[in-house]
Amino acid sequence: MSRRDEVLAEMGFSPVWKLRETASAKEEPAKPASNSWIELKQAVPACTACGLHKGRTQTVFGVGDEKADWLLVGEAPGAEEDRLGEPFVGQAGRLLDNMLAAIDLNRGENVYICNVLKCRPPGNRNPEPDEVAKCTPFLLRQIELIQPKLIVAMGRFAAQTLLNTDASIASLRGRVHRYAERPLIVTYHPAYLLRNLPDKSKAWSDLVFARRTMAGL
Ligand code: SF4
């Protein structure tokens, strides 16, 4: 059993192999009862599993349609997200909203947005591997509850965590990957795009590719 699966089991959540097994069953499992969401929404703000709880203003759980076909996963809350308790606010959030609008999607309408980490790393540093390992069970549980048709992993940490790989974003883009039998498409994180404007067109291509993939499901 991998370290991630051990952490999942310790926290009472299904390990990755179990999620895959469930997703590959012929009949789609029923959407879990809403009290599963309630339990998860209570567990995240109470979590002290890694050191990031010490510096947070609040946890940033995720936002959107809990039965969405689209799930967008980012990295970790920044300063504004930590202050407001919502993922992807501020400049990167506005860019994400514009990107969604360009493919006829709106935040909250058939879209759910969350991060790998639920607490802000100090100074917006990169997440540490142990923090990712400790927090990933919450993300996996969100996926299990939402049962999205398609996942868009935005940025290195989301892609590497969900695909269990060290590969670069550049090498992962442009293909349909699988997470628990669900298609997963990799693109750049909006905060990265703000610093690297030429790559915006690549992100646009990724979203068009994602929309085309969704249309074919
Ligand atoms: Fe818990 Fe995740 Fe926050 Fe760490 S980042 S304290 S694992 S909720």
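Summary of the structure given here.

Criteria and cut-off values
Residues numbered from 1 in each chain as written. Predicted model: local features only at pLDDT ≥ 70, side-chain atom pairs only at ≥ 80, totals over all residues. Heavy atoms only, no water. Helix = DSSP H or I, 4+ residues; strand = E, 2+ residues; numbered from the N terminus. Areas by Shrake-Rupley, 256 points an atom, 1.4 Å probe, with all protein chains shown as cover. Phe/Tyr/Trp six-rings, centres within 6.5 Å; stacked < 30°, edge-to-face > 60°. Buried < 20%, exposed > 50% of the residue type's maximum accessible area, 1.4 Å probe, protein only. Pairing = 2+ DSSP bridges. Contact = heavy atoms within 4.5 Å. Axes fitted to C-alpha atoms, helices over the stretch in contact; angles between N-to-C directions. Salt bridge = Lys/Arg side-chain N within 4 Å of Asp/Glu carboxyl O. Core = buried A, V, L, I, M, F, W, Y, C linked by side-chain atoms within 4.5 Å. Parallel < 35°, antiparallel > 145°, perpendicular 65-115°, else oblique. Left-handed = near helix turned anticlockwise from the far one by under 90°. Near = heavy atom within 4 Å. Nonpolar A, V, L, I, M, F, W, Y, C, P; charged D, E, K, R; others polar. Expected span 1.5 Å × (residues − 1).

### Some remarks on the overall build of the protein
Line of reasoning, step 1. Counting secondary structure elements, the protein contains 10 helices and six strands.
Line of reasoning, step 2. If you sum the accessible surface of the protein, you get close to 10200 Å²; carbon and sulfur atoms cover 49% of it.

### Quick look at the packing of aromatic side chains
Line of reasoning, step 1. Scanning all chains against the criterion turns up three aromatic pairs.
Line of reasoning, step 2. On the numbers, 5.9 Å between centres and 35° between planes, the contact of W37 with Y112 is tilted. Linking W37 in helix 3 (residues 34-46) with Y112 in strand 3 (residues 111-115), this pair joins segments that are 75 residues apart in sequence.
Line of reasoning, step 3. Judged by its relative accessible area of 7%, W37 is buried.
Line of reasoning, step 4. Among the residues examined, Y112 registers a relative accessible area of 1% and is labelled buried.
Line of reasoning, step 5. Considering the side-chain rings of Y188 and Y192, the 4.9 Å spacing of their centres and the 15° angle between planes classify their relative orientation as stacked.

### Focus: the sheet that holds strand 4 (residues 150-154)
Line of reasoning, step 1. Ordered in space as 1-3-2-4-6-5, the six strands form an open sheet in which the pairing is mixed. The outermost strands of the open sheet, each flanked by one partner alone, are strand 1 (63-64) and strand 5 (177-179).
Line of reasoning, step 2. Pairing between strand 2 (residues 70-74) and strand 3: five bridges, direction parallel. Within the sheet, the bridge partner assigned to L72 lies in strand 3 and is I113.
Line of reasoning, step 3. In the packing of helix 5 (residues 90-102) onto the sheet, the strands contacted are strand 2, strand 3 and strand 4, and the crossing angle to strand 3 comes to about 150°.
Line of reasoning, step 4. Across the sheet, helix 6 (residues 129-146) lies against strand 2, strand 3, strand 4 and strand 5, angled at about 170° from strand 3, the strand it touches most.

### Section: the pattern of salt bridges
Line of reasoning, step 1. Per the stated rule, a full pass over the model turns up 10 salt bridges.
Line of reasoning, step 2. Across the pair D104 and R211 runs a salt bridge, and its minimum N-O distance is 3.8 Å. With D104 in the loop between helix 5 and strand 3 and R211 in helix 10 (residues 200-215), this residue pair connects regions lying 107 residues apart in the sequence.
Line of reasoning, step 3. D104 sits in the exposed class, given a relative accessible area of 65%.
Line of reasoning, step 4. When salt bridges with common partners are traced through the structure, they connect E86, D97 and R107 into a single cluster.

### Observations regarding the nonpolar core
Line of reasoning, step 1. If you look at the biggest cluster of nonpolar residues, it comprises 59 residues, and the most contacted ones within it are W70, L72, V73 and L162.
Line of reasoning, step 2. Top element by residues in this core is helix 6. It accounts for eight residues.
Line of reasoning, step 3. Discounting residues that sit within four places of it in the chain, W70 has contacts with I103, L105, N110, V111, Y112, P148, L150, V152, A210, R211 and M214.

### Points about the packing of helix 5 against helix 10
Line of reasoning, step 1. It is at 10 Å that the axes of helix 5 and helix 10 come closest, and there the two elements cross at 45°. With respect to helix 10, the element helix 5 is oriented oblique. Helix 5 and helix 10 meet at a crossing whose hand is right-handed. Contact residues: L95, M99 and A102 in helix 5; K200, A203, W204, L207 and R211 in helix 10.

### Quick word on the site of the ligand
Line of reasoning, step 1. Around the ligand lies a shell formed by C47, A49, C50, L52, H53, R56, K118, C119, K134, C135 and F138.
Line of reasoning, step 2. Its residues placed into classes, the shell around the ligand shows seven nonpolar, one polar and three charged.

### Some words on helix 6
Line of reasoning, step 1. Between its first and last C-alpha atoms helix 6 spans 25 Å; for 18 residues at 1.5 Å apiece the expected length is 26 Å, and the two agree.
Line of reasoning, step 2. Most of helix 6 is tucked away: 15 of the 18 residues are buried.
Line of reasoning, step 3. The positive-phi residue at the C-terminal boundary of helix 6 is Q147, with phi of around 50°.

### Some points on the environment of P77
Line of reasoning, step 1. Here P77 shows up in the loop between strand 2 and helix 4 (79-84).
Line of reasoning, step 2. A relative accessible area of 2% places P77 in the buried class.
Line of reasoning, step 3. For the pair P77 and P87, spaced 10 residues apart in sequence, the C-alpha separation works out to 6.2 Å.
Line of reasoning, step 4. In this structure P77 touches V60, D82, N115, L117, K118, C119, R120, P121 and N124, once residues within four positions along its chain are discounted.

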